[in-house]
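# Close look at the chain arrangement
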Amino acid sequence: MAAPTGWASLCEKFRSSLSLSNVESKKDPENEPYRSKYGARELLEEIRQLLGSEEAAEAEGAPAGEAAALRAVRLAVVEYELGVNHTETEELSAGEEHLLKCTRLLERHRLSRGCVSLYIQAQNNLGILWSERGEIKTAQTYLESAEALYNQYMKENGNPPLDPNEHFMAEEEKLTDQERSKRFEKAYTHTLYYLAQVYQHLEMIEKAAQYCHTTLKRQLEYSGYYPVEWALNAATLSQYYLTKQCFMESRHCLAAANVIFSQAGQVPSSEDNETEQDQKDLQQRKAEIARCWIKYCLTLLQSARKSLEDNIGELDPDRQTELKAQRKKEEDEKEKGRKKAVLFGTSDLCDSILATEEKVSCICPLDFQEAREVFLVGQNYVHEAKEFFQFDGYVTDHIEIVQDHSALFKVLAFFEEDYERRCKMHKRRIDMLEPMYVDLNPQYYLLISRQLQFELADTYYEMMDLKVAIGNRLEELDSHTIKKINSLAQLAVKYYELFLDSLRNPDKIFPEKLEEDVLRPAMVAKFHIARLYGKLITSDGKKQLENMQTSLEYYTFLVDYCEKHPEAVQAIETELELSTEMVGLLPTRMERLKAKLSPFS
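In this report, the structure presented in the accompanying data block is examined.

Conventions and cut-offs
Residues numbered from 1 in each chain as written. Predicted model: local features only at pLDDT ≥ 70, side-chain atom pairs only at ≥ 80, totals over all residues. Heavy atoms only, no water. Helix = DSSP H or I, 4+ residues; strand = E, 2+ residues; numbered from the N terminus. Rg over C-alpha atoms; globule rule 2.2 N^0.38 Å. Buried < 20%, exposed > 50% of the residue type's maximum accessible area, 1.4 Å probe, protein only. Contact = heavy atoms within 4.5 Å. Salt bridge = Lys/Arg side-chain N within 4 Å of Asp/Glu carboxyl O.

### With respect to the overall build of the protein chain
Across its full length, the protein chain carries 22 helices and 0 strands. Taking 2.2 N^0.38 as the reference for a compact globule, 601 residues should give roughly 25 Å; the C-alpha atoms of the protein chain span a radius of gyration of 34 Å, well beyond that estimate. Each principal axis of the C-alpha atoms in the protein chain carries an extent, and together these give about 130 × 60 × 45 Å. Here the protein chain, with 601 residues, has 46% of them falling under the buried criterion. In the protein chain, of all internal contacts separated by at least 6 residues, the share reaching a separation of at least 24 is 71%.

In structure tokens, the structure reads:
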């Protein structure tokens, strides 16, 4: 029978292996990244050899049957640690072998207090290992098995199980039930965390979101999280809720992300002094969360517009009145029921999250004042995101943020009743987009360049329409208004033409058949140019005739293209219908104008 000192020596070896693996390995030099891991492995191999002897198995005077079970569990712990060790040193096959040995040793007793936590952790690691191999379905099997085992144990037993490391501790060193419970719940939280990722890979998006939400809640409950990582995951989850139009849940995730992220500066890092890179990473994560807030504000405003617009895209006052009447009653009931399911954190944390939530609504705005409040929150986050994602160094990110800022102005303009003020909002969009477009090299940023061309054209087009509407309210158009309308129309044409030119091949020939992703934008550009030439105001009859001829050519292009490619019709039904009508009407109008210009010919 082993002397007590022999068992104490074994426990000491085990503790040393853990220290090498978890602490010392972080200090390993770059040219020997696994030095401590290999050291830990040697110690574990020694322990395994010693446990293999009958003498070690009968440690501490345990009866023969009990000793065999005890030895099996201790061997399983060592096999588990060796499995993790090999996996972390990128030796997946050896890692799998040790983890499977661990589960085989525990199989008969996996629901016992001494084995359940270790078995679940082995299943978790097998799940990670198979997902790293790209075998997501196999990973899913292991992780769902771990989840089922946790649920079965909690239903049939429920007492805090032993932590695997306790099998190498003296009685006086054993953990309290509270600590055991905390560690067991942490292992199960890992199961849910990995399952969320597996479901994401398998495109089971709703299930992935549900598991992600549960994981985040549990991490807060058991204080097992890194603030920055937690905040980013919560912000990412908010974007899923946005796709489902669940604005209350989305806002809650974002508010929680802000509150938890603010803890990042208070939690000491593993290094005593943060490097410049650490600070930069922190700023980047903050900017990424800000971008999620921008999307929240933008989507909320766009959803409101969709519910309020009439068939020509203007605000419908009757619909506005109707929605205002039913909103209060409905939202109060909805919020009460749904809030319970999504709340994060303890009461103190909830208070901080609630205070952040109160800064922005989760209810679709129904008038300009409400829309402006959401817009201003979004705009603040635009400024915050741009602090990190600057044009010099982050071209694509910076432009996307500015495009979102432009989209915020666009949707706010929908709620503005005054046409002049609406026009000024669109002018703000021009002022932020045009300088970026000028500085952009289309050779390297073709797609973004096209997006900006089209958006600038659309914005000038919208401004021209507004100026025409303002002019229609006047008794007579003055020269200033005419000049403004023509100038805006010409600028819109310029950018639409630049967009269409970007589709030409190196020989400057326009494609006979357009790719699906550019079909609708190209046809809309052609249609709008046709309409813009029809809007140009001139007292010169000859010039008017030229404009009508150009307009006819663009309308005809649409009609001819759809005759050659009938599959395109679905993408531009409204534009095609109007183009066909204009192709029929314009020649007659042109003939009349010609007759008017030369009455004696």
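### Points about the pattern of salt bridges
Close approach of charged atoms allows side chains of opposite charge to pair. Per the stated rule, a full pass over the model turns up 37 salt bridges. Between Glu314 and Arg422 there is a salt bridge, with its nearest N and O atoms 3.3 Å apart. In this pair, Glu314 is assigned in the loop between helix H12 (276-308) and helix H13 (317-342) and Arg422 in helix H17 (residues 419-439), connecting sequence segments 108 residues apart. A salt bridge links Arg520 to Glu575, with the nearest nitrogen and oxygen atoms 3.1 Å apart. With Arg520 in helix H20 (residues 516-535) and Glu575 in helix H22 (residues 573-597), this residue pair connects regions lying 55 residues apart in the sequence.

### Looking at unusual backbone geometry
In the Ramachandran plot, Glu203 falls in the positive-phi region, its phi being about 60° despite a non-glycine side chain. Relative to the helices and strands, Glu203 resides in the loop between helix H8 (177-201) and helix H9 (205-221). Although it is not a glycine, Lys508 sits at a positive phi angle of roughly 70°. Locating Lys508 in the fold gives a position in the loop between helix H19 (479-501) and H20. For Lys508, a relative accessible area of 63% gives the class exposed.

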